[in-house]
Amino acid sequence: MAKFHIVLFEPEIPANTGNIGRTCVATGASLHLIEPLGFSLSEKAIQRAGMDYWKELDVRRYINWQDFQAKNPGAKVYMATTKARQVYTEVHYEPNSYLMFGKESGGIPEEILKAHPQDCVRIPMLGETRSLNLSNSAAIVLYEALRQNQFAGMNLEGKLHRLSWDYA
């Protein structure tokens, strides 16, 4: 199975992180959270947010970017940013790649992006649109990585047995 990792740099909005966590559970991806977080990950807070799947999530926390790098040496990290030249579909996502997204209010810090320009990708948008929602962006890039790897290990049959109508 092609395993992927979602990295959130200082996420601020719990609902976005929750949505991304659910996507990770559904795809077998790991979630990496680089602190500080804009919310609590206490059991009570998780329950209050309705994230009953959180116990199934492979989630890891880091105190900062340097801690993440030290604990994931040699990781291939693709960084989603509106400032990138290459579109997210123009790169090949190898299994075990890390897909990084910045905080909602400011993205990934400029100094990190400048140190890794060849690893930056963007999602095309019209006009002066500032950015897409964080959880939507993570899902878009993750599913492209999964598609490129033929959705290895995932159920491609779907749940067609639940449909009650006829296509005739």
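Residues numbered from 1 in each chain as written. Predicted model: local features only at pLDDT ≥ 70, side-chain atom pairs only at ≥ 80, totals over all residues. Heavy atoms only, no water.

Here's the deal with the side chain of serine 30
Cut-off, in case you're wondering: The way it works is that DSSP assigns letters per residue, a run of H or I at least four long becomes a helix, a run of E at least two long becomes a strand, and they are numbered from the N terminus. Three exposure classes are used, based on accessible area relative to the maximum for each residue type with a 1.4 Å probe and protein chains only: buried under 20%, partly exposed in between, and exposed over 50%. Whenever two N or O atoms come within 3.5 Å, that pair is a polar contact, provided that in protein one can donate a hydrogen and the other can accept it, and provided that, for residues adjacent in sequence, both atoms are side-chain atoms. Note on contacts: a residue pair is in contact if any heavy atoms of the two residues lie within 4.5 Å.
Mapped onto the secondary structure, serine 30 falls in strand E2 (residues 30-34). Judged by relative accessible area, serine 30 falls into the buried class, the value being 0%. Only 2.9 Å separates the side chain of serine 30 from the side chain of lysine 3, close enough to count as a polar contact. Those residues within four positions of serine 30 in sequence are excluded, and the remaining contacts are Lys3, Phe4, His5, Ile6, Cys24, Asp58 and Arg60.

Regarding the pairing of strand E1 (residues 5-9)
Spelled out, the test is: Strand pairing is assigned whenever DSSP identifies at least 2 bridges connecting the two strands. Clockwise travel from the first strand over the helix to the second, with the strands pointing away from the viewer, marks a crossover as right-handed.
With five of five residues buried, E1 lies mostly within the body of the structure. Side-chain alternation along E1 places His5, Val7 and Phe9 on one buried face and Ile6 and Leu8 on a second face that is also buried. In this sheet, E2 lies alongside E1 in parallel orientation, the contact comprising five bridges. Each bridged residue has a counterpart across the sheet, and for valine 7 the counterpart in E2 is histidine 32. A crossover links E1 with its parallel partner E2, the connecting element being helix H1 (residues 14-27), and its sense is right-handed. Pairing of E1 with strand E6 (residues 98-101), which is carried by four bridges, proceeds in the parallel orientation. Bridged to histidine 5 within E6 is tyrosine 98.

Things to note about the sheet that holds strand E4 (residues 77-80)
For clarity, the cut-off: Axis definition: a line fit to C-alpha positions, over the contact stretch in the case of helices; interaxial angles, taken between N-to-C directions, run 0 to 180 degrees.
If you walk across this open sheet you meet the seven strands as E3-E2-E1-E6-E4-E7-E5, and the pairing is parallel. Of all strands in the sheet, those with a lone pairing partner are strand E3 (59-62) and strand E5 (86-87), marking the two edges. In this structure, E2 lies alongside E3, joined through four bridges in parallel fashion. The residue of E3 that forms the bridge with isoleucine 34 is tyrosine 62. Against the sheet, H1 engages E1 and E2, with an angle of about 150° to E2.

Notes on the nonpolar core
Generally speaking, soluble globular proteins have nonpolar side chains that are buried together. Put simply, the test is: To form a nonpolar core, buried Ala, Val, Leu, Ile, Met, Phe, Trp, Tyr and Cys residues must be joined to one another through side-chain atoms within 4.5 Å.
Among the nonpolar cores identified, the biggest contains 31 residues, and Ile6, Leu8, Ile20, Leu31, Tyr93, Leu99 and Phe101 are the most heavily contacted of them. Top element by residues in this core is helix H5 (residues 134-148). It accounts for six residues. Tyr62, Ala84, Ile108 and Leu113 belong to the second largest nonpolar core, which has 15 residues in total.

Re unusual backbone geometry
A negative phi angle is the norm for most residues apart from glycine, just as the trans form is the norm for most peptide bonds. Cis geometry is adopted by the peptide bond preceding proline 36, which originates at glutamate 35 and carries an omega value of 5°. Looking at the element boundaries, proline 36 is found in the loop between E2 and helix H2 (43-48). Located in the positive-phi region is asparagine 96, a residue other than glycine, with phi close to 80°. Its place among the elements puts asparagine 96 in the loop between E5 and E6. Positive phi, close to 55°, is recorded for glutamine 150, a residue that is not glycine. Residue placement: glutamine 150 occurs in the segment after H5.

Quick word on the packing of aromatic side chains
Counted only if it meets this: Aromatic rings from Phe, Tyr and Trp, with only the six-membered ring used for Trp, were paired whenever their centres fell within 6.5 Å, and each pair was classed as stacked if the ring planes differed by under 30 degrees, edge-to-face if by over 60, and tilted otherwise. Only lysine NZ and arginine CZ atoms are considered, and such an atom sits over a ring when it is within 6 Å of the ring centre and within 35 degrees of the ring normal.
Counted by the stated rule, this structure contains five aromatic pairs. For the ring pair tyrosine 62 and phenylalanine 68, a centre distance of 5.2 Å and an interplane angle of 80° mean the geometry is edge-to-face. Both residues of the pair, tyrosine 62 and phenylalanine 68, count as buried. Centroid distance tryptophan 65 to phenylalanine 68: 5.4 Å. Interplanar angle 15°. Geometry classified as stacked. You can see tryptophan 65 and its partner phenylalanine 68 sitting in helix H3 (residues 65-71), three residues apart, about one turn around the helix. Looking at tryptophan 65, the relative accessible area reads 9%, which means it is buried. Put simply, the rings of Tyr62, Trp65, Phe68 and Tyr98 pair up and form one aromatic cluster. The ring of tyrosine 78 has lysine 76 lying over it, and the distance from NZ or CZ to the ring centre is 5.0 Å.

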